[in-house]
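Residue strings, one per chain:
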Amino acid sequence: MERAKPFSISKGQVWEAYKRVKANQGAAGVDGQTINEFEVDLSNNLYKLWNRMASGSYQAPAVKRVEIPKDNGGVRPLGIPTVSDRIAQMVVKQAVEPDLDRHFHEDSYGYRPGKSAHEAIERARERCWKYDWVLDLDIKGFFDNIPHDLLMRALQHHVKEKWVLLYVERWLKAPVQMPDGSIEKRNKGTPQGGVISPLLANLFLHYAFDKWMERNYPCTPFERYADDGICHCKTMEEAKRLKEALETRFKECGLELNQEKTSIVYCRDINRKGEHSDTSFDFLGYTFRPRCSKNRWGKYFVNFSPAMSNKAGKAIRKEIRSWNLCQRSEKTLEDLARMFNAKIRGWINYYGAYYKSQMYSTLRQIDRKLVLWATRKYKNLRGHKRRASHMLRRISVQQRELFAHWPLLYCQG
């Protein structure tokens, strides 16, 4: 007869966590094991994981550090746990998230069930019309600098299950395997990329920022998506005072504002005539700035609104180039549509929520690459890009639904 385990973690919890991790996929961690390899001996691997977690003997392995290049020449560090560790983290996340989430601020939108980036963008748009100034916040190296003691204190305030506190503390202290293979100890931060990290980050900023704002600046609304936040102020002086106060507040919480990226922005529109050095800011892949809009009577006016950012457009064009369409002459047009429509549709659904026309030039990059594909595939089109372009245009009219972006670009065709 199997002895009772110290911690009441069921096999069903581990199974549900595994299904969530499988759906999310993800790269291999320090042990090099992929999800497919984990599934070769699935029942045994899940049993061993459950046994260790329920007995209290589960130890968090090192996290694999991967550095993602950024447009400004820097890198974004991501931490990739092993497959089994991702499942273990998902067990904890699913156990505590429902209770934690109900305490979070209504204007915290990142990585929360029932919340979305589009909600944050819409709320920001509405408030930019009501408030003249925005304080655009950037926290320097947020995920890598969260103080463990403050985070655990916040968690202990809400969570009483000893096994949750035990494993979260072990994950926070888990070492990091650097890209060169060396192992580094960690005494602060939670790896960006871990399953449990977004929930812990939201919990930390709930007390470090959300509740503090609610208590000290109840008339200053904000939107926060993980560590990306903006505050709406009535005057520039108010924005300056808030920035100074937040510098002090974050320092108390072991964090630091990025002075180069934190800015005070004037939301200039048809009724706001003054000038300021900053009249735009980026938030969740959208650039908010003065734009020419048309009202219901057909008259044009200046409106402070969001549209896909240049940075997002640049990233999309880079990915389109990585498809190497002109090298895929063995594929049919239908093949290419099946291969890439999901990605194209995702871009349109996200960045097309406001000012779709901002996307057009970026989406036309796909057709330019398809023209090159046609000149490689068909002998009679080699060296004739204009003829290939006309051919593609005819197809886009006849089979408008073939590519996800064609109805958007050629709706008048």
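The preceding data block contains the structure.
Here's what I pulled together on the structure shown here.

## Brief notes about the overall build of the protein
Summing up its helical and strand segments, the protein has 15 helices and eleven strands in all. Projected onto the principal axes, the alpha-carbon positions of the protein cover approximately 75 × 60 × 40 Å. Among the 413 residues that make up the protein, the fraction classed as buried is 47%. When the accessible area of the protein is evaluated, it comes to approximately 21400 Å², of which 48% is carbon and sulfur surface.

## Topic: the side chain of Asn303
Take Asn303: it is sitting in strand S11 (residues 300-308). At 3.2 Å, the side chain of Asn303 forms a polar contact with the side chain of Trp129. With near-sequence residues (within four places) excluded, Asn303 lies in contact with Trp129, Asp269, Arg289, Pro290, Arg291, Ser293 and Tyr355.

## What to know about the nonpolar core
The biggest cluster of nonpolar side chains holds 70 residues, and the ones touching the most others in it are Ile9 and Ile87. With ten residues, the top contributor of residues to this core is helix H9 (residues 197-216). Excluding its chain neighbours within four sequence positions, the residues that come into contact with Ile9 are Val14, Trp50, Met53, Ala54, Val91, Trp163 and Tyr167. The next biggest cluster of nonpolar side chains, apart from the first, holds 51 residues, and it includes Ala120, Trp347, Val371 and Leu409.

## Some words on the sheet that holds strand S8 (residues 263-266)
With respect to topology, four strands assemble into an open sheet ordered S6-S7-S3-S8, the strand pairing being antiparallel. Edge positions in the sheet fall to strand S6 (222-225) and S8, since each of these pairs with one other strand and no more. Across the sheet, the mean angle from the axis of one strand to that of its neighbour is 20 degrees, orientation sign disregarded. With four bridges joining them, S6 and strand S7 (residues 228-233) adopt antiparallel strand pairing. The residue bridging Tyr225 from the neighbouring strand is Asp228, located in S7. Set on the sheet, helix H10 (residues 236-252) makes contact with strand S3 (133-138), S7 and S8; between it and S3 the angle comes to about 20 degrees.

## Focus: the pattern of salt bridges
Pairing of side chains with opposite charge becomes possible as their charged atoms draw close. What the rule picks out here adds up to 15 salt bridges. In this structure, Arg102 engages Asp99 in a salt bridge whose closest nitrogen and oxygen atoms are separated by 2.8 Å. Overall, the relative accessible area of 61% leaves Arg102 in the exposed class. Sharing partners across several salt bridges, the network here consists of Asp107, Arg123, Arg127 and Glu223.

## A word on the sheet that holds strand S1 (residues 63-69)
Spatially, the four strands line up as an open sheet ordered S2-S1-S4-S5, and their pairing is mixed. Whereas interior strands pair on both sides, the edge strands pair on one side only; in this sheet they are strand S2 (75-80) and strand S5 (183-184). Pairing analysis gives six bridges linking S1 to S2, with the strands arranged antiparallel. Bridged to Arg65 within S2 is Gly79.

## Concerning the packing of aromatic side chains
By the definition in use, this model includes 21 aromatic pairs. Aromatic pair Trp212 and Tyr217: ring centres 5.6 Å apart, planes at 45 degrees, arrangement tilted. What makes Tyr217 partly exposed here is its relative accessible area of 24%. Judged by centre distance (5.0 Å) and plane angle (50 degrees), the ring pair of Phe403 and Trp406 falls under tilted. Summarising the burial analysis for this pair, Phe403 and Trp406 share the class buried.

## A few points about the packing of helix H4 (residues 83-101) against helix H8 (residues 162-173)
At their nearest, the axes of H4 and H8 sit 11 Å apart, and the two run at 135 degrees to each other. In terms of orientation, H4 and H8 fall into the oblique class. Handedness of the H4/H8 crossing: left-handed. Here Asp85, Ala88, Gln89, Val91, Val92, Ala95 and Val96 of H4 lie close against H8, whose contacting residues are Trp163, Val164, Val168 and Trp171. In terms of residue class, the contact of H4 with H8 is built from nine nonpolar, one polar and one charged.

## Observations regarding the pairing of S3
Residues in a regular strand project their side chains so that they alternate between the two faces of the sheet. Across the six residues that make up S3, a large majority, five, are buried. Note that S3 and S7 share six bridges and pair antiparallel. Bridge pairing links Leu137 to Gly229 in S7. Pairing analysis gives four bridges linking S3 to S8, with the strands arranged antiparallel. The residue bridging Trp133 from the neighbouring strand is Tyr266, located in S8.

## Section: H9
The end-to-end C-alpha distance of H9 is 27 Å, a good match for the 28 Å that 20 residues give at a rise of 1.5 Å each. His206 marks the point of greatest bend in H9, at about 50 degrees. In terms of residue burial, H9 counts as a mostly covered element, since 14 of its 20 residues are buried.

## Focus on helix H3 (residues 42-55)
Helical periodicity: at 3.6 residues per turn, an α-helix aligns residues three or four positions apart in one direction. Given a rise of 1.5 Å per residue, 14 residues ought to cover 20 Å, and the 20 Å separating the end C-alpha atoms of H3 matches this to within 8%. Within H3, the full set of buried residues consists of Leu42, Asn45, Leu46, Leu49, Trp50, Met53 and Ala54. The buried residues of H3 occupy one face: seen down the axis, they fall within an arc of 155 degrees. In this fold, the buried residues of H3 make contact with helix H1 (11-24), helix H2 (35-38), H4 and H8. Note on H3: the residue one or two positions beyond its end, Gly56, has a positive phi of about 85 degrees.

Calculation criteria
Residues numbered from 1 in each chain as written. Predicted model: local features only at pLDDT ≥ 70, side-chain atom pairs only at ≥ 80, totals over all residues. Heavy atoms only, no water. Helix = DSSP H or I, 4+ residues; strand = E, 2+ residues; numbered from the N terminus. Buried < 20%, exposed > 50% of the residue type's maximum accessible area, 1.4 Å probe, protein only. Areas by Shrake-Rupley, 256 points an atom, 1.4 Å probe, with all protein chains shown as cover. Polar contact = N/O pair within 3.5 Å; in protein donor to acceptor, adjacent residues only side chain to side chain. Contact = heavy atoms within 4.5 Å. Core = buried A, V, L, I, M, F, W, Y, C linked by side-chain atoms within 4.5 Å. Pairing = 2+ DSSP bridges. Axes fitted to C-alpha atoms, helices over the stretch in contact; angles between N-to-C directions. Salt bridge = Lys/Arg side-chain N within 4 Å of Asp/Glu carboxyl O. Phe/Tyr/Trp six-rings, centres within 6.5 Å; stacked < 30°, edge-to-face > 60°. Parallel < 35°, antiparallel > 145°, perpendicular 65-115°, else oblique. Left-handed = near helix turned anticlockwise from the far one by under 90°. Nonpolar A, V, L, I, M, F, W, Y, C, P; charged D, E, K, R; others polar. Expected span 1.5 Å × (residues − 1). Bend = angle between axes of the 7 residues up to and from the residue. Arc of directions from axis to C-beta.

Geometric descriptors of this kind do not, in isolation, establish any biological role.
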